[in-house]
Structure formats: structure tokens, C-alpha cells
Amino acid sequence: METLALLADGFATSLSPLNLMIVILGVTAGLFIGAMPGLGSVNGVAIVLPLTFIVPPSSAIILLCAIYYGAMYGGAISSILLGIPGASTAVATTFDGRPMAQQGKAGLALIAAAVASFVGGTISVVLFTLFAVPLADLALAFGPAEEFALVLLAFTTFVGLGGDDVLKTIVMICLGLVLSTVGLDLISGSPRLVFGDLPGFYAGISFLVLAIGVYGIGEILYTLETSRTAPSVTPAKITFKELGAGFRAMNRMWKTMGTGSFLGFFVGMLPAAGATPASLMAYGIARSTSKQPETFGKGNIEGVAAPETANNAASTGSLLPMLTLGIPGSPTTALLLGGMVMWGLMPGPMLFIEQPDFVWGLISSLYTANFAAVAINIALIPLFVWALRMPFTVLCALVMVLCIVGGFAPSQKMHDVWLIAGFGVAGYLLRKADYPLAPLVLALVLGPLMEKSFRQTLIAEQGNVLAFVERPLSATFIALAALFFVLPLVKYLRKGGRRSVAPAE
């Protein structure tokens, strides 16, 4: 009952005229951002982040979460109409969504994606509401040792569970940790890594500058190089007949959507997992449990519903560890975490005690954003078809200007603009070399917390390193971190064993 009372208070915040308008604007912007190939929730949040300083912190995070939600919906639009995923989270949607569009069922596929996204979002928000307080209560037992062990676990899950090259992931985490130490020492106050005593580095490297550089400028440079020709857009019109047929078809897929929702939510809670693997896993499960698995990849509507429920559920699931533990579950929530820190809000269990209006206003806004997203998505499908015909060079120029203005506005220092340009080129080169950017962002955000908790523990325990394994919770996290770290080695040895056995057979 207490949770329901807090949620009711949250709705009083999220349904205020300002926040309701922000949710609608954020969802609409997110739908367009998600629908544009090469953009996506990460880039959208990074580009819009500087603009949030004109509204209160609670409204700012509601705006960013609404953009995140809208982008998860919008990724399916270009996947179906163009055959190009708006983001990696919508890759699985192309498998059956594009064949449906080529068969003249583009409208049906878009309705299926919207309804499935709504179901996944609704189930995951209910789960979020139920699990948030118990997880926050558990986290209240955390001290500096537990905080350090938890951050270490977050990094090792990127290594053990991430699909990227393990060595490259470790390199990017280390690079992010180095960048997080630029500025003044936490305890002594002496300057570190200020590159020839340049005054701009004394304040450290802003998370916002890095995010805009690698995800904004870098992504645009990479997309301009790789997009040689403009893909053709499949026309789509939504009639009331198609709308009714879509709802009837989705009504027969509660098992598929339910499985995708629960799977997506719990996979989304894992750091480094997120919506992309969740959607691919849900697609695989739907195919293996289907009575007609041979129709998948040829225009089966279940192949659209399963990944769309999973990726929307995962987007909500990734917010849970970010709010309750201060550990982001995806690259986008890493950006949200950095934004909250900039606004003076420290994610973690104390946030539920010190800022209950903010927390429950945010949770209730997820319900509002979910309803707004499905209504706006279906209503604006013809407009999305028109927008996808925009020359990509025009879109790139627009995004580039927004990135530069957005990076300059908060600090009003040219130093940050030059850093954005440098990080943009670096992000482009790293992307070409297949280095994952998410671990870099995660390390820059969590690096200061990791260093602070590590040094606090050693000072309190008078240099006793064993303090990290003498406390039950921190010892458990470190054991899990060690397990995730050696997991890639075990997989590699097993593959090597299979190769050596294969010739003998």
C-alpha cells in the first residue's frame, strides 16, 4: 500500500502541465531520433542532454527518459520501412519486419511493433515499481567496500557478458578510467594529467563532452563514410481496417509478448547486457517455441512482436540498477547517470529517502511516456515515412550544429568545443577499429566513484586490502566479478577443445 501511495504522489508530479508537455515532446523527439538510421537512444540523449539545464532536474530526467522510451519505439520504424535498424536494439526486428513490408504489410508490421512495445513497456514498468524499493533497501547496507566491489562487478560484466572483443573492452575501460582521473586529486588536491598545465583540464573531462564527441560527432562521421547510397523507403499507410487486424493479431500473441517482456526486463537489469541481446534472445526463444519456425525470417509477425517487447522491457529494466544502486545497465542509462550527477542528484539507495518526489515522479512518468509513445507512434507513421526521405547530409549537418552548441552551452568554454572535436575524431577511429564505446563512457562515469570508494576503504581500514573480501556483500560481488572476468577464458578454452577434437571425428 505504501508503494501505491508513493506512486500516486509521483503521478501528481508527472502529470503536472510542464512535465506532461515534456513527456509528449520527449517521446515525439525520441520516435524521430530512433527512426533515423545512425542515431538511436544513446546519441539522442547525448545530443539533448545540454538542453536540459533550462528546466528543473526532475523535469530534465523525465525528458531524457521520455526520449529514451520514444527511441526504443522508433528503432522499429526504419528497420521495417528501410531494412536498416535505427539502432542496434532493433536489429532483430528487421529479420521479419522488412519481409513483411516487402509483402505489402508494412502498416501491419508497424502496428505490431507499436503494440508489442507498449505491452513490453507496461509489464516492465509494473515490475520496476515492485522491485525498486526492495532493491534500494538492500543497497542501504552498502559501505565504501561494497560500492567499490559493485563498480568492479559492473566493469567485469562488460568483459564477461558483452559480445565485443574482450581485450578491446578491457582497453576501453582502462582508457575511460585514465580519463576519469584528469583534474585535481580527490584527497590531496594536486593536479593530475593536466597535459602541460592547461587550465581547461583542472576541472576534469566532462562526461557530457565525451558523450557528445564519441556518440554525436563520431557517429555522424562514421555514418557519412559508410552510407554510400540512400536506401529506398517502403510506403506505409495505416487504415482502420489494418489497425483492427493488427490488434486482433497481437491479441493471439500474449505468450510471446509475455515471455519477451519478462526476459527483457531481467536481462536489461544486467550491466553490459541491455536491450540488444535481450531482443535477440527473445527472437530466438519465439522461433524455437513457434509451431511454424520455418516462417521466421520470411515475414512472421511473431518475429516483430518478440524483439520489440524485449527491447522496450530491457530499456526499463536498465533504469532499475541505475536508480537503486547507481550502476547503469546500458550505455544510455550511463548517460542518464552522468546527467543526474551533473544536476546534483546522486543515484543510489539514499535517493529514495532524500528525493522521493523525484524518484516516484520519474517512475510514474514511465507509465505516461508508455501511453504517449504508442499513441503518437501509430498516429505519426505517415510523417515518419516522409521524414525518412530527408537527405542524410541535411540531417548530419543539423546534428553537428546541435552537438557543438550543446557542448559549448553548459561551460561556455572553447576548451570543451575542441575536446568534443577531438573525441569525435577519436570515436570515429575507434568505431572503425571495432572498439566498443560503451565501456569508455561507463568507465568515465563510474571511475570517480570507484576511486573514492577504494581510497575511503583503505583509509578507514588503515591500508588493509583484505577488507574488501572480509565483508560478506563485497566478497560476494568480488567473487562474481572474478567469475565474469574468467568467463571469456573458459569459453575460449572450450572452443579450442572443440577444434582439436573435430579432426579426430
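Anything mentioned here points back to the structure above.
A brief report on the enclosed structure follows. Worth saying up front: this structure is predicted, and the values here are computed from it rather than measured.

**Some remarks on the packing of aromatic side chains**
Inspection of every chain in the model, using the stated rule, returns eight aromatic pairs. Judged by centre distance (5.1 Å) and plane angle (40°), the rings of Phe148 and Phe454 are tilted. With Phe148 in helix α7 (residues 144–161) and Phe454 in helix α21 (residues 438–460), the pair connects residues that are 306 residues apart, well separated along the chain. On the accessibility criterion, Phe148 (12% relative accessible area) is buried. Each ring, one from Phe454 and one from Phe468, has its centre 5.5 Å from the other, and the planes form 5°; the classification is stacked. Linking Phe454 in helix α21 with Phe468 in helix α22 (residues 467–470), this pair joins segments that are 14 residues apart in sequence. One aromatic cluster is present, formed by Phe131, Phe265 and Phe266 through successive ring pairs. Across from the ring centre of Tyr435, 5.1 Å away, lies the NZ or CZ of Lys168, which sits over that ring.

**Topic: the side chain of Thr93**
Take Thr93: it is sitting in helix α5 (residues 91–102). The class for Thr93 is buried, based on a relative accessible area of 0%. Looking at Thr93, its side chain comes within polar contact range of the side chain of Glu308, at 2.6 Å.

**Focus: unusual backbone geometry**
Leaving glycine aside, a negative phi is the common case for residues, and trans is the common case for peptide bonds. A positive phi angle, near 65°, is found at Asp434, a position not held by glycine. With respect to the secondary-structure elements, Asp434 resides in the loop between α20 (414–432) and α21. Positive phi is not limited to glycine here, since Gln462 has a value of about 55°.

**Things to note about the nonpolar core**
A general tendency of soluble globular proteins is for nonpolar side chains to be buried together. With 117 residues, the main nonpolar core has Val27, Leu336, Met340 and Leu446 as its most contacted residues. The element best represented in this core is helix α17 (residues 356–379), accounting for 13 residues. Apart from residues lying up to four places away in sequence, Met340 is in contact with Ile61, Met322, Leu323, Leu345, Pro347, Leu351 and Phe358. If you look at the next biggest cluster of nonpolar residues, it comprises 23 residues, including Ala76, Ala101, Val119 and Ala305.

Conventions adopted
- Within every chain, residues take consecutive numbers counted from 1 along the sequence as written.
- With pLDDT at 70 or above as the cut-off, local features in this predicted model cover only qualifying residues; side-chain atom pairs require 80 or more to be listed or tallied, and sums for whole chains, interfaces and linings still use all residues.
- With hydrogens and water set aside, each side-chain value is computed from the structure's full complement of heavy atoms.
- For Phe, Tyr and Trp, where Trp contributes only its six-membered ring, two rings pair if their centres lie within 6.5 Å, and the inter-plane angle classes them as stacked under 30 degrees, edge-to-face over 60, or tilted in between.
- Runs of E in the DSSP output that reach at least two residues are strands. Runs of H or I that reach at least four are helices, and both are numbered from the N terminus.
- A simple rule labels every residue: compare its accessible area, found with a 1.4 Å probe on the protein chains alone, to the largest value its type can have, and call it buried under 20%, exposed over 50%, or partly exposed in between.
- Remark: a charge is flagged as sitting over a ring if the NZ atom of Lys or the CZ atom of Arg is within 6 Å of the ring centre and within 35 degrees of the ring normal.
- Here a polar contact is taken to be a pair of N or O atoms separated by no more than 3.5 Å, where protein atoms must pair a possible hydrogen donor with a possible acceptor and residues adjacent in sequence count only if both atoms sit in side chains.
- Nonpolar cores are built from buried Ala, Val, Leu, Ile, Met, Phe, Trp, Tyr and Cys residues. Side-chain atoms within 4.5 Å join them into one set.
- The contact criterion used is simple: two residues touch if any of their non-hydrogen atoms lie within 4.5 Å.

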